[in-house]
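Working through the structure, step by step
Each chain, letter by letter, is given below.
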Amino acid sequence: MIILSPRIRVSRCFVVPFFVAFVGFIGTHAQSTIQVTVPSNPLWTNTGVTLRSGQTISISASGSWNWGQAVANFGPDGDPNTPFPDYGDEFDSFDIEDHGRLIAFVGTDPLQGEWRNSLFFPQVSGYISIGSGKTFFSPYGGTLWLGFNDDAVVGSVDDNTGQVIADITIGNKDVTGPNISITVPSTTYLLNQKVAANYSCTDPDDPVASCAGPVANGSDVDTTVGGIRAFTVTATDSHGNTSAKTQVYLVGNVGPTPGLLDFQPQAIGRNSPVEKITLHNAQSVPQDITSVGVSGNFTESTTCTAVLAAHQNCSVSVRSTGATQGVNGGFVIFTFPTGTELAGLVAFATPVTLVPSSVSYGNQKVGTTSPAKKVRLTNGLTTGLTISSINVSGDFALASLGTCPKNGTVAAGASCIVAVTFKPKLAGLRSGNLVLQTSYPTAPVSVSMSGTGTN
């Protein structure tokens, strides 16, 4: 704490209740689901879905069909009791799968090969075993087709009857609420000053179902009572995901803005970037300042002196030390001869880190692929960290050198590598993000990526 004057007499104290909401980074694609009927005849069903390479797809299926009108009530998982599942079909890539199992193909034409040709189903062909349910990354871009592991899929035998119903979910599930922006209130206002609220709610993934604050957007903010006030906006999207944001403002003649500093998540024990709070003196007379200090796991430096001139400002620079895992809360404390004003501080120290936080690939010729660059994920938790997805956007792609599971667990205290290449489609600066969805509260974690395409 910096002591600016020996005179300390506290006659009033405003304590602000602040709300903490950690909003994850927005996924690159919203989730959408369609339902498709897959008959056992004809050979293949075009779902009408067009996929991008690497897109997340989940398929669940139910129903029954009859193989050759002789074997009844196959489900999507096929018949595990068939004594010679697929050898009679020479359906080579799926010999290990049950006969009649639901399968998928991604590409232009599932009948691209010749029946009874041993090369008809190479591993790189784009055929995927589905059964009653599977989540996978699309190996290619193209149309999604569904069929059955049966000779009717590749031959001319159209003697099957029945169908299954497939629910196809495309993209990552949206689990985050709308983004909330509060422009007004945001600073210090005089008692009974007329101030119109200005806030908005947006969501790139789903329609915003509701967006509400203490007063309607455009209506007057409450300035009838002096001190630090909280203005909270809550929003809900069409999937029921809810988010909230609180903007703290001051009603009076002298006070700090913003009333709450919300730091970006940081690694445990590392100092955060500097954030600033400004102390305003809206009076026509000077204001004596007794002291300026901070509480909690924060450090500060200030330009405020013992006297703040009329209609002038001074500032306090604050860092979070990240000393404690989880939420770190505190206050910047301004003490005056007549009382105390507080500005809230909230930071989050995480043991789950991606290093580095940004990657630059420099210059790369358009249409060519750069060497892979690596990002290290470290799980500092005492329990395993579940990774549900790893995605990259822009002209960037995951490389095979990575060791992080796309859908799996990183052990407590362990690290893994995500490797990413850069292949510019156009000349000029190109940017994107690497995003990992994990089971830790600050998930997903993100790394910004950039490079320059050259001719």
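The structure contained in this document is the topic of the report that follows. All residue numbers refer to position in the chain's written sequence, counted from 1. In keeping with the model being predicted, local features are shown solely for residues with a pLDDT of at least 70 and side-chain atom pairs are shown and tallied solely at 80 or more, while totals for entire chains, interfaces and linings include all residues. With hydrogens and water stripped out, all remaining heavy atoms of the structure feed into the side-chain values.

1. Focus on the sheet that holds strand β30 (residues 373–379)
Within a sheet, each strand pairs with its neighbour through backbone hydrogen bonds, oriented either parallel or antiparallel. A strand pair is defined by DSSP finding two or more bridges across the two strands. Segments assigned H or I by DSSP are reported as helices when at least four residues long, segments assigned E as strands when at least two residues long, and all are numbered from the N terminus. Here we have four strands laid out as an open sheet, ordered β28-β30-β34-β32, and antiparallel in their pairing. Edge positions in the open sheet fall to β28 (352–355) and β32 (396–398), since each of these has one partner strand only. Shown here is a sheet whose adjacent strand axes are inclined to one another by a mean of 25 degrees, direction ignored. Bridge count between β32 and strand β34 (residues 415–422): three bridges; the pairing is antiparallel. Its bridge partner lying in β34, Ala397 is registered against Thr421. Only the stretch in contact is used when a helix axis is fitted, and all axes are lines through C-alpha atoms; the angle between N-to-C directions ranges over 0 to 180 degrees.

2. Re the state of the cysteines
We call a pair of cysteine sulfur atoms a disulfide whenever their separation is within 2.5 Å. On inspection of all chains with the given rule, the structure shows three disulfides. With its sulfur 2.0 Å from that of its partner, Cys304 forms a disulfide with Cys314. One quick way to see it: the torsion about the S-S bond of Cys304 and Cys314 is about 85 degrees, and its sign makes the bridge right-handed. Linking Cys304 in the loop between β23 (298–302) and β24 (307–308) with Cys314 in strand β25 (residues 313–320), this pair joins segments that are 10 residues apart in sequence. Only protein chains enter the calculation, and the probe is 1.4 Å; a residue is then buried if its accessible area is under 20% of its type maximum, exposed if over 50%, and partly exposed in between. Residue Cys314 is classed as buried on the basis of its relative accessible area of 6%. The disulfide pattern of the protein chain is 1-2, 3-4, 5-6 when the bonded cysteines are numbered in sequence order.

3. Points about the nonpolar core
Here, nonpolar core refers to any group of buried Ala, Val, Leu, Ile, Met, Phe, Trp, Tyr and Cys residues whose side-chain atoms link them within 4.5 Å. Within the largest apolar cluster, 24 residues are counted, with the highest numbers of intra-cluster contacts made by Leu377, Leu434, Leu436 and Met449. Mapped onto this core, the elements with two or more residues apiece are β28, β29 (358–365), β30, β31 (385–392), β34, β35 (428–438) and β36 (445–454). Counting residues per element, this core draws most heavily on β34, which supplies four residues. For Leu434, the contacting residues outside a window of four places in its chain are Val375, Ile390, Asn391, Val392, Leu398, Val418, Val420, Val445, Ser446, Val447 and Met449. Throughout, a residue-residue contact means that at least one pair of heavy atoms, one from each residue, lies within 4.5 Å.

4. Considering the pairing of β34
Here is the key point about a regular strand: its side chains alternate between the two faces of the sheet. Judged by how many residues are buried, β34 sits mostly within the fold: seven of eight residues are covered. Taken together, the six bridges between β30 and β34 define a ladder with antiparallel strand orientation. Paired with Arg376 across the bridge in β34 is Ile417.

5. What about the packing of aromatic side chains?
Geometry of aromatic contacts follows a simple scheme: Phe, Tyr and Trp rings, the Trp one being its six-membered ring, pair when their centres are within 6.5 Å, and the pair is stacked under 30 degrees between planes, edge-to-face over 60, tilted otherwise. Per the stated rule, a full pass over the model turns up eight aromatic pairs. In this structure an aromatic cluster arises from ring pairing among Tyr361, Phe396 and Phe422. The aromatic ring of Tyr361 is capped on one face by Lys373, whose charged end is 5.4 Å from the ring centroid. We call a charge positioned over a ring when the NZ of a Lys or the CZ of an Arg lies within 6 Å of the ring centre and within 35 degrees of the ring normal.

6. Quick word on the pattern of salt bridges
Each salt bridge in this description consists of a side-chain nitrogen of Lys or Arg and a carboxyl oxygen of Asp or Glu lying within 4 Å of one another. Overall, the coordinates contain four salt bridges when judged by the stated rule. A salt bridge links Asp77 to Arg101, with the nearest nitrogen and oxygen atoms 3.4 Å apart. With Asp77 in the loop between β5 (71–74) and β6 (102–107) and Arg101 in the loop between β5 and β6, the pair connects residues that are 24 residues apart, well separated along the chain. Here Asp77 falls in the partly exposed class, since its relative accessible area comes to 32%. Under the relative-accessibility criterion, Arg101 is labelled buried at 17%. Note that Asp220 is salt-bridged to Lys194, the shortest N-O span being 2.8 Å. Remark: Lys194 occurs in the loop between β12 (188–189) and β13 (198–202) and Asp220 occurs in the loop between β14 (208–212) and β15 (227–237); sequence separation between them is 26 residues. Residue classification places Lys194 among the exposed residues on the basis of a relative accessible area of 67%.

7. Notes on the sheet that holds β25
The strand order β17-β20-β25-β23 describes an open sheet built from four strands, whose pairing is antiparallel. Only two strands of the sheet have a single neighbouring strand rather than two, namely β17 (254–257) and β23. The average angle at which neighbouring strand axes cross in this sheet is 25 degrees, direction not considered. Pairing of β23 with β25 involves five bridges; the strand directions are antiparallel. Along β25, the bridge assignment pairs Ser301 with Ser317.

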